[in-house]
Amino acid sequence: MKRSDIIRTIQVQFKHMRSADAAAILDTVAQHMIDSVASGNRIEVRGFGTFQPRARATKVGYNPCTGQPMHLDAGTTILFKPSRELTKKMNG
């Protein structure tokens, strides 16, 4: 599913909404979620799942071509955990 598909779905649900308004709503929600996770907050969307920042420690990795050890810096990533409803729907 692409951004345009989501915008079209919003327009079908709310028949009098313009495409630009639906795009603005989608962009606002996405930006708020990005800002919230970037500031270290957990986001829960009932029926869909949770997003939360997760810290990665510094570690030593290995170059797959040469086998030489490499220093991998610490960083932050996002962990997504799907809800039970989403998992059930995907599995059956």
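Scroll up a little and you will see the structure.
Residues numbered from 1 in each chain as written. Predicted model: local features only at pLDDT ≥ 70, side-chain atom pairs only at ≥ 80, totals over all residues. Heavy atoms only, no water.

Student: What's the story with the pairing of strand β4 (residues 69-72) in this structure? I'm lost.
Tutor: For a regular strand, side chains alternate in direction, first toward one face of the sheet and then toward the other. Of the pairings in the sheet, the one linking strand β3 (residues 59-62) to β4 comprises four bridges and is antiparallel in character. Looking at the pairing, K59 lines up with L72 of β4. In this structure, the hairpin formed by β3 and β4 is closed by a connection of six residues, where G67 is found at a positive phi of approximately 80°. (Pairing = 2+ DSSP bridges. Helix = DSSP H or I, 4+ residues; strand = E, 2+ residues; numbered from the N terminus.)

Student: Help me out: how do you make sense of the sheet that holds strand β1 (residues 43-45) in this one?
Tutor: Backbone hydrogen bonds are what pair the strands of a sheet, in a parallel or an antiparallel way. In space, the three strands of this open sheet follow the order β1-β2-β5, with antiparallel pairing throughout. Strands with a single pairing partner mark the edges of an open sheet, and in this sheet they are β1 and β5 (75-82). Between one strand and the next, the sheet's axes are offset by a mean angle of 25°, whatever the strand orientation. Of the pairings in the sheet, the one linking β1 to strand β2 (residues 49-56) comprises three bridges and is antiparallel in character. Residue pairing across strands places V45 opposite G49, the latter belonging to β2. (Axes fitted to C-alpha atoms, helices over the stretch in contact; angles between N-to-C directions.)

Student: What exactly am I supposed to notice about the pattern of salt bridges here?
Tutor: Should their charged atoms come close, side chains of opposite charge can pair. Applying the stated criterion across every chain yields a total of five salt bridges. One salt bridge connects D5 with R8, and the closest N-O pair in it is separated by 3.3 Å. Here the residue D5 and the residue R8 both occupy positions in helix α1 (residues 3-13), the gap between them amounting to three residues, near one helical turn. Classification of D5 by relative accessible area gives partly exposed; the value is 25%. Among the residues examined, R8 registers a relative accessible area of 49% and is labelled partly exposed. (Salt bridge = Lys/Arg side-chain N within 4 Å of Asp/Glu carboxyl O. Buried < 20%, exposed > 50% of the residue type's maximum accessible area, 1.4 Å probe, protein only.)

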